[in-house]
Structures are given as structure tokens and as C-alpha cells.
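# Structural overview for review
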Amino acid sequence: MNLRTLKYFVAIADAGSLTSAAEAIAIAQPALSRQMHALEEEMGVPLLQRTARGVRLTQAGVTLYEAAQRMLDEAQRVKRQLAGPAETASRVVLGVSPTLSRVLVPGLFERCHRTLDEMRLTVREAFTPELLDMLEKGMLDMAIITSMGASAGRPLALHPLVGEPFALASPAAMKMDPIISLADLARLPLLMTTLHRTVVERQLQSMGVHLNIHSEIDSVDAIRELVHNGDWCTLMPVSVFKEPRSDAGITLTEVSGVQLNRQLMMATRIEATPRTAVAALREIVLAELARLNRMRVFNLSKNPARSK
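Remember, predicted model here, so these are calculated numbers, not experimental data.

### Focus: unusual backbone geometry
One non-glycine residue with positive phi stands out, namely Ala 26, at about 55°. With respect to the secondary-structure elements, Ala 26 resides in the loop between helix H2 (18-25) and helix H3 (29-43). If you check the backbone angles, Arg 296 has positive phi at about 65° while not being a glycine. As for its placement among the helices and strands, Arg 296 is situated in the segment after helix H11 (276-294).

### Observations concerning the pattern of salt bridges
The full count for this structure, using the stated rule, is twelve salt bridges. Glu 283 is paired through a salt bridge with Lys 7; the nearest N and O atoms lie 3.9 Å apart. Here Glu 283, found in helix H11, pairs with Lys 7, found in helix H1 (residues 3-15); they are 276 residues apart in sequence, far enough to count as distant. On the basis of relative accessible area, Lys 7 is assigned to the partly exposed category, the value being 45%.

### Re the environment of Lys 175
By the secondary structure assignment, Lys 175 is in the loop between strand S6 (156-171) and strand S7 (179-180). Exposure remark for Lys 175: the relative accessible area of 70% places this residue in the exposed category. A C-alpha to C-alpha distance of 9.7 Å links Lys 175 and Ile 250, two positions 75 residues apart in sequence.

### Digging into the side chain of Thr 193
Within the secondary structure, Thr 193 is located in the loop between strand S8 (189-192) and helix H9 (194-204). Thr 193 sits in the buried class, given a relative accessible area of 1%. Polar contacts involving the side chain of Thr 193 include one to the side chain of His 196, which spans 2.9 Å. Once you skip the residues sitting within four places of it in the chain, Thr 193 turns out to touch Phe 127, Ile 217, Asp 218, Ser 219, Val 220, Ile 223 and Met 236.

### Here's the deal with the layout of surface pockets
It is the rolling of a water-molecule-sized probe over the atoms that shows where space remains empty. What the largest pocket holds in volume is close to 1200 Å³. Lining the largest pocket are 37 residues; nearest its centre among them are Lys 7, Ile 25, Glu 283, Leu 286 and Ala 287. Within the residue set of the lining of the largest pocket, elements represented by two or more residues are H1, H2, helix H4 (59-82), helix H6 (101-115), S6 and H11. For the lining of the largest pocket, the element with the most residues is H11, which contributes eleven residues. Class assignment of the residues belonging to the lining of the largest pocket gives a composition of 21 nonpolar, seven polar and nine charged.

### Notes on H1
In a regular helix each residue adds 1.5 Å, so 13 residues correspond to 18 Å; H1 covers 18 Å between its end C-alpha atoms and thus fits that length. Residues of H1 that are buried include every one of Thr 5, Leu 6, Tyr 8, Phe 9, Val 10, Ala 11, Ile 12, Ala 13 and Asp 14, and no others. For H1, the capping residue at the N-terminal end is Asn 2, with a side-chain oxygen 3.2 Å from the backbone nitrogen of Arg 4. Remark: Gly 16 follows H1 within two positions and exhibits a positive phi of approximately 85°.

About the thresholds
Residues numbered from 1 in each chain as written. Predicted model: local features only at pLDDT ≥ 70, side-chain atom pairs only at ≥ 80, totals over all residues. Heavy atoms only, no water. Helix = DSSP H or I, 4+ residues; strand = E, 2+ residues; numbered from the N terminus. Salt bridge = Lys/Arg side-chain N within 4 Å of Asp/Glu carboxyl O. Buried < 20%, exposed > 50% of the residue type's maximum accessible area, 1.4 Å probe, protein only. Polar contact = N/O pair within 3.5 Å; in protein donor to acceptor, adjacent residues only side chain to side chain. Contact = heavy atoms within 4.5 Å. 1 Å grid on protein atoms, 1.4 Å probe; cavity = no way out; pocket = protein on both sides within 12 Å on 5 of 7 lines; lining within 4 Å. Points joined across faces, edges and corners; volume = space filled by probe spheres on them. Nonpolar A, V, L, I, M, F, W, Y, C, P; charged D, E, K, R; others polar. Expected span 1.5 Å × (residues − 1).

This is the structure in C-alpha cells:
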């Protein structure tokens, strides 16, 4: 067993299938399968349960998955220490969308604290257009943005991360059904940010559907509070209303007849020699997003009870 094999195993667990993992880590699927068979033989127990829809972890696999994440984090921490004081003392500035920061930043910060002792992570929160401007001007080293506000022609590298649907968020007292039609949605008075309104209406334009926007409020936190208070609804990416502590007072409703979604992306400047600290942060961001994806934070189903 070596670190590369553990990294492959974690990638399979996060992706939920050998095919998706092979694409994510750029390795041929037969070679990946051989690596996993060899790992199971070495461990002496089955780690993966093959199903028609992919793979699931066995109980032994869950144990190894948790241990593997700790070992990979520790390996990254040691690697940074060996790079020398000049590298490990780096300050890295990350920009994050306000719809994503509350679910991404806490776990990301803890991972950086555990594995990169001397790196100082600074986080700036803004909507995608402003984040891209800040990144171009050198005010950020990296930004987690959405495809909604990304524009072509910028000297930036964009790396797709995960897709995420929009859902109708309403107070539980309103007793919304799990699915709502476009016609019923159009009759509801909504609170939305300007950016979210733009992207949703763009997707609905060809269908001749017009939303009933009561007010535009460019504060995600303010809209969350108003929905929690029990009188308002909003259309938001599903992660906005998900957190480790369950949002029991909120109902997330799927909109039928259309796929309202956004794509999360990592943006960096195109540089001949990227800073080591930025490369290290990239790996940590990918690991934390994979964990959140595994917890189903980015889809309409409920989070599993176990989280780490």
C-alpha cells in the first residue's frame, strides 16, 4: 500500500464509480481496477461493493477511507514542511461566492490548518464577476466561481468542479410539495439576488415562463433569514440551505419541466510556474469539495447522518 494507491481509492469512493474516478485522475480504468484488486488482496478484506450503478464502500472500506484521508493530509503537511520556510510561510488569498462560502470555507480552513501549518489562508467573499476582476488584478490567488458569471476572453484558467441544481426554498410551514410545476412557480412571489435572477430567467426564456420577483436583494444571508422567518420563498442553489446542522425549518422543492443549475469552477491566473502554496491549496479545495459532494450537499437529497 502506498500513497498513490490510497489517493486512487479515495478518488473512487468520492466519485462513486471506477469510470468517473478514472476520468477524474486521468488513469485507464483497467489499470485502476487492478490497483483496487491488489489493494483488497493486501488488506485481506473487500473494500468496494460493485453495483449496477457503480461502487459503494463496505464497512472495511469506510474505515480505510477515513484513515486514508488522514494519511494523505499528513503527507501533504510533511511535503510542505520539506519545501522549506520560504514556501511554507506563504499567504494565499482565496475568493469564494457567498452562496458557497458557508458550506466550503469551514472544512477548507480546517484542512489547511491541519496540513499546511505555515500557510496563511485569507478568504474574500464576492459574487463571480467581482471575483474574476479581483483575480485578474492580482488581489486573489484563486477563486471558486460559478459558470453563471464567468466570461470568455479573460487570461484565466478555469477548472470545472461540480454541478449543482437550483431549488425552491420555502419555510416548512408553507407545506410545499417535493416537486413544483413551472406554472405554480411563476405564481409565487420570490426574493432573489440579481445574479441568480439573471441566470434562472435566461434558462426559462425559451419556455416563455416569467418569474414573479417581489424583490431583488443582493445578500444571500439576508434572503436566508427572510425565508427562515417564515413568509418568503427563493430560488437558490441547493447548498445555500444545506449545512451539517440540518435546516429542519426549510423545504427544498424541485422544479419540474426544466433543469435549473449552475456549474462550480476553480479559477486561477495562467502562470508559467504556479506557486507551490497555490498548487497545495488547489488539492485541498478538490478534496474538500469531494467530501461535500459525497455528503450530497450539492443535490436535492438529504445529507447522510454521518459526516466528518
